[in-house]
Amino acid sequence: MGFVRSASALALGLAVSSFALAADDAQVKRGEYLARAADCMACHTAEGGAPYAGGLPIHSPFGTIYGSNITPDKQYGIGNYSADEFFAAVTEGKRKDGANLYPAMPYTSYHLIKREDSDAILAYLMTIPPINRPAPQTALRFPFNVRMGLSGWNMLYGKSVQLQPTEGKSPAWQRGQYMVEVLGHCGECHTPRNPIGALQQDQRLSGGLLGGYLAPSLLAQDLAERGWTQPDLTTFLKHGISAQGSMFNEMFPVVHHSTQHLEDADLAAMATYLLGDQPPPAKAIESVALEQMSDSAKRGHQQYLNVCAGCHGVDGEGKPHIAVAMRGNTVLRQADSRNLVKVVLEGIREQQFTGFERMQPMPGFADKLDDQQVIDMVNYLRQAWGGLPGDLNVQQLAELKAE
């Protein structure tokens, strides 16, 4: 009997141990997914560097902030963080030593992360290879380099992001709200900020400036005005490319590190939240005959044929796996033309999307077109396929270039 009881106890112990191990494995796997959804890698991985080892420069109006090392290294990473300390860093912007983190770390959105999600992310991060490397020293101009000053900032703005009531909303909308507003922290880029860097919550998701580009409005009516539907937006998040164009600039790392790895149901939920349970109809753009365009746009048509049509097509149809179409392109449909101007001047790097999808690099034309030629071509693009007036002028271009 004693042997039987001992054998039973041993079997029970092994079963409990196996269950605990399985639970740990499940938590780690879930944490990996949540780290993708929270896009941790994009800010904590330098170009060409080890994952999560920090060093990425994040440029702000106040100076350059460097993404920190969040590998389990005990000297430079988070290897000595407890679950409570990690949760405080994520949701309150507090380091282990009590110092304030700069709000380039989006704790203003992450403060709503569920504790079990934070614990799962930490469990995953503790399984990745530790990298014994410090991040470069952040250097902000005075007084923004005084971390103590952030205590007052945090009192005013640290928890300003709040979720909307969920009454009457579908489960997909509710899940999408958590994915967009909290884990995905989309509002950190797509919401304007005040002079001291705080999100202007009364203009939530209405668009914000980032590195000279416009992170466009994600409000449902504005998305519909630019031709977005729920299926197209889901496809865009999954593959980085859709009928509306391809991701570039700061959005390209988002699809590369984050959204392409998410489950289809979560991507659809994000689109449902942004466009609503009853989305507004997507606006169709009617073509404009050349003779009906402004004089500037008419001149721009020839510039388009000279430098753009070889890749984007004479009629703006694009070329699969080479260049996106101009017809229906969301950048052309933005009332603010800064993104279109910057793309024309600076170009876009080669883009590798999911599967075998590629977009070849687009050259910039800053050294090939003079200001009037740029204005003319932008006006043609806006009128031909953007449904917008071709009225960009010399002064507006000068202001955009000065920024």
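- Under the annotation held in an unreviewed UniProt entry, the protein carries the name Cytochrome c and is attributed to Pseudomonas alloputida.

1. Brief notes about helix α7 (residues 171–183)
Here is step 1: For α7, spanning 13 residues, the distance from its first C-alpha to its last is 17 Å, which sits close to the expected 18 Å at 1.5 Å a residue.
Here is step 2: For α7, the full list of buried residues reads Trp173, Gly176, Gln177, Tyr178, Met179, Val180, Glu181, Val182 and Leu183.

2. Some words on unusual backbone geometry
Here is step 1: The phi angle at Tyr52 is positive, at roughly 70 degrees, despite the residue not being glycine.
Here is step 2: Looking at the secondary structure, you find Tyr52 in the loop between α2 (40–44) and β1 (57–60).
Here is step 3: Judged by relative accessible area, which is 2%, Tyr52 ranks as buried.
Here is step 4: A positive phi is found at His185, a non-glycine position, where the angle reads about 40 degrees.
Here is step 5: Structurally, His185 can be placed in the loop between α7 and α8 (187–190).
Here is step 6: Residue classification places His185 among the buried residues on the basis of a relative accessible area of 13%.

3. Here's the deal with the nonpolar core
Here is step 1: In terms of nonpolar packing, the biggest core is built from 88 residues, with Tyr52, Leu125 and Tyr304 touching the most fellow members.
Here is step 2: Considering every element that reaches this core, the biggest residue donor is helix α16 (residues 371–385), with 8 residues.

4. Notes on the domain arrangement of the protein
Here is step 1: In terms of domains, the protein is made up of domain 1 (22–133), domain 2 (171–275) and domain 3 (290–402).
Here is step 2: Of the roughly 1700 Å² buried between domain 1 and domain 2, counting both surfaces, carbon and sulfur atoms make up 58%.
Here is step 3: Scanning the region where domain 1 abuts domain 2 turns up 0 salt bridges.
Here is step 4: Between domain 1 and domain 2 we count 9 residue pairs in polar contact (both at pLDDT 80 or more) in total.

5. Points about the sheet that holds strand β3 (residues 139–140)
Where strands meet in a sheet, backbone hydrogen bonds hold them as pairs that are either parallel or antiparallel.
Here is step 1: If you trace the 3 strands from one edge of the open sheet to the other, you get β1-β2-β3, paired in antiparallel fashion. Sheet topology places β1 and β3 at the edges, where each strand pairs with a single neighbour.
Here is step 2: For strand β2 (residues 63–66) and β3, the ladder comprises 2 bridges, and the chain directions are antiparallel. The residue of β3 that forms the bridge with Gly63 is Leu140.

What counts, and where the lines are drawn
Residues numbered from 1 in each chain as written. Predicted model: local features only at pLDDT ≥ 70, side-chain atom pairs only at ≥ 80, totals over all residues. Heavy atoms only, no water. Helix = DSSP H or I, 4+ residues; strand = E, 2+ residues; numbered from the N terminus. Expected span 1.5 Å × (residues − 1). Buried < 20%, exposed > 50% of the residue type's maximum accessible area, 1.4 Å probe, protein only. Core = buried A, V, L, I, M, F, W, Y, C linked by side-chain atoms within 4.5 Å. Domains from an automatic or database assignment. Buried area = accessible area lost by both parts, 1.4 Å probe. Salt bridge = Lys/Arg side-chain N within 4 Å of Asp/Glu carboxyl O. Polar contact = N/O pair within 3.5 Å; in protein donor to acceptor, adjacent residues only side chain to side chain. Pairing = 2+ DSSP bridges.

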